[in-house]
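Results of the structural survey
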Amino acid sequence: MIRFPKDFLWGSATSSHQVEGDNRANDWWEWEQKGHGKQPSGEACRHYQLYEKDFDLAQQLHHNCHRLSIEWSRIQPDPDSFSESAIAHYQQVINALRARGMEPIVTLHHFTNPRWLARIGGWENKRTVDYFCRYVEKMALIFSPRVRYWVTINEPLIYAYFSYFAGDWPPQKKSFLALWRVRNRMIAAHIKAYRAIHRIYKQAGLPRPMVGVAHHLMAFVACEKTFRNRLAVSVRNSVINLGLLKVLAARSLDFIGINYYSRNLIDTENWSLHSILSAVCRRQHDILPKNEMGWEIYPRGLYDMLLSLKRYRLPVFILENGVCVSDDRLRWDFIREHLKSVACAIEQGVDVRGYMYWSLLDNFEWDKGFVPRFGLIGIDYQTFERTVRDSARRFAQVCKTGILD
Ligand code: GCO
């Protein structure tokens, strides 16, 4: 039997574009309309209308927190005005969570941008940092009395990589220089937003907020333990996993938010930078179960990652951890095994304070469309009916008691 700390936050996560539906004013919508990606997001889960129903279910599942994102393009459909109706909507959303006893954890940027911002070059444009901060300040001024936890940007590196280097997501650039520029701009935006949020709380005489990022961590493991493979592991850990945290941890993070899903088994072919940074083992051995997007399931990695964060002496929240499978029994196995890793890390002195499963609902998985099903709650995309999965009920027992049997 494993007992988690008393005030542990238990819940799940979503992001606006993936669940709300009809997010017409952002760059992803525009991209989807041009026929990119597997299918358009359309009405997604109709969560914009059905959020109360969804939060009722989360409450019944004993979640005491919920991570959501505010859709910037709804709040600021053009650069010069803020939408009162969108603001009122998110006020109701936050109130709906509070009324159900759930702590809101609010993300301000989760991959999508207002169309007008994308048109002036998005995150490649220097001015974007200021535009982002204006939006953040507005949100902090409005929501500060009801929100304590803020995530400025979701997965800056993943966003920069897929949108500006791999060419998979809008604006589909393939340039290392653009990736690097966007990464640095997002770091600058985070630091500025962090300071602005703190200033606003201080001026209002409110208790200190908790501000962080959601950072994607991948477990890097050497296939054969050759010197070169081990070097590749340490380079990738230092550049990809810890690079961003090294920059931010000292002065602009109140907590480390991590998104953890999978392992990368490394087998380098040569000494090129490309191989050191990206080669993976293609041989059929050391086979682990995979999710339906082909990502290896490796709970041990979460333990290793958490331990690697100990040096920063900051509270840690798992802001995403989940699996897309059609056999729901595997979802519960996934959650249970990852929770064991969390418990072991806590025992080793890592200050983990919360676990949010990805995701509350099946949803729009970006360029992969609606095929992958990550939800604790299944969605019928014809009728928008919600079905609580068995894994959700099992997880609910842990949320309720803080005990994993
Ligand atoms: C991410 C995002 C989520 C994804 C989830 C599953 O980590 O890429 O934060 O939006 O849907 O991770 O891939």
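This text follows the structure it describes.
Residues numbered from 1 in each chain as written. Predicted model: local features only at pLDDT ≥ 70, side-chain atom pairs only at ≥ 80, totals over all residues. Heavy atoms only, no water.

Describing the pairing of strand E6 (residues 210–222)
Rules: The buried label applies to any residue whose accessible area, calculated with a 1.4 Å probe on protein chains only, is under 20% of its type's maximum; exposed applies above 50%, and partly exposed to all values in between. Strands are runs of DSSP state E lasting at least 2 residues, helices are runs of H or I lasting at least 4, and numbering of each runs from the N terminus. Should DSSP find at least two bridges between two strands, the strands are taken to pair.
Of all 13 residues in E6, 12 are buried; the element is thus mostly enclosed. Pairing of strand E5 (residues 149–154) with E6 involves 4 bridges; the strand directions are parallel. Looking across to E6, one finds that Val151 is bridged to Gly212. Pairing of E6 with strand E7 (residues 256–266), which is carried by 8 bridges, proceeds in the parallel orientation. Bridged to Leu217 within E7 is Tyr260.

With respect to the layout of surface pockets
Picture a little ball the size of a water molecule; that probe, rolled over the atoms, points out where space is still empty. For clarity, the threshold we go by: We place a 1 Å grid over just the protein atoms. Points where a 1.4 Å probe fits but has no way out form a cavity, open points with protein on both sides within 12 Å along at least 5 of 7 lines form a pocket, and any residue with an atom within 4 Å of a point lines it. Grid points are joined across faces, edges and corners, and a volume is the space filled by probe spheres set on the points. Each residue receives one of three labels: charged for Asp, Glu, Lys and Arg, nonpolar for Ala, Val, Leu, Ile, Met, Phe, Trp, Tyr, Cys and Pro, and polar for the others, Gly being one of them.
Approximately 270 Å³ is the volume found for the second largest pocket. Asp27, Glu30, Ala118, Pro170 and Pro171 are, among the 16 residues lining the second largest pocket, the residues nearest its centre. For the lining of the second largest pocket, the elements supplying multiple residues, two or more each, are helix H2 (27–33) and helix H8 (156–164). In the lining of the second largest pocket, the residues fall into 6 nonpolar, 5 polar and 5 charged.

Section: the pairing of strand E3 (residues 65–69)
Two faces, one strand: in a regular strand the side chains alternate between the faces of the sheet. Within E3, 5 of the 5 residues are buried, which leaves it mostly tucked inside the rest of the structure. Bridge count for strand E2 (residues 9–13) against E3 is 3 bridges, and the pairing is parallel. Looking across to E3, one finds that Ala13 is bridged to Arg67.

So far we have only geometry, and geometry alone does not tell us how the molecule works.
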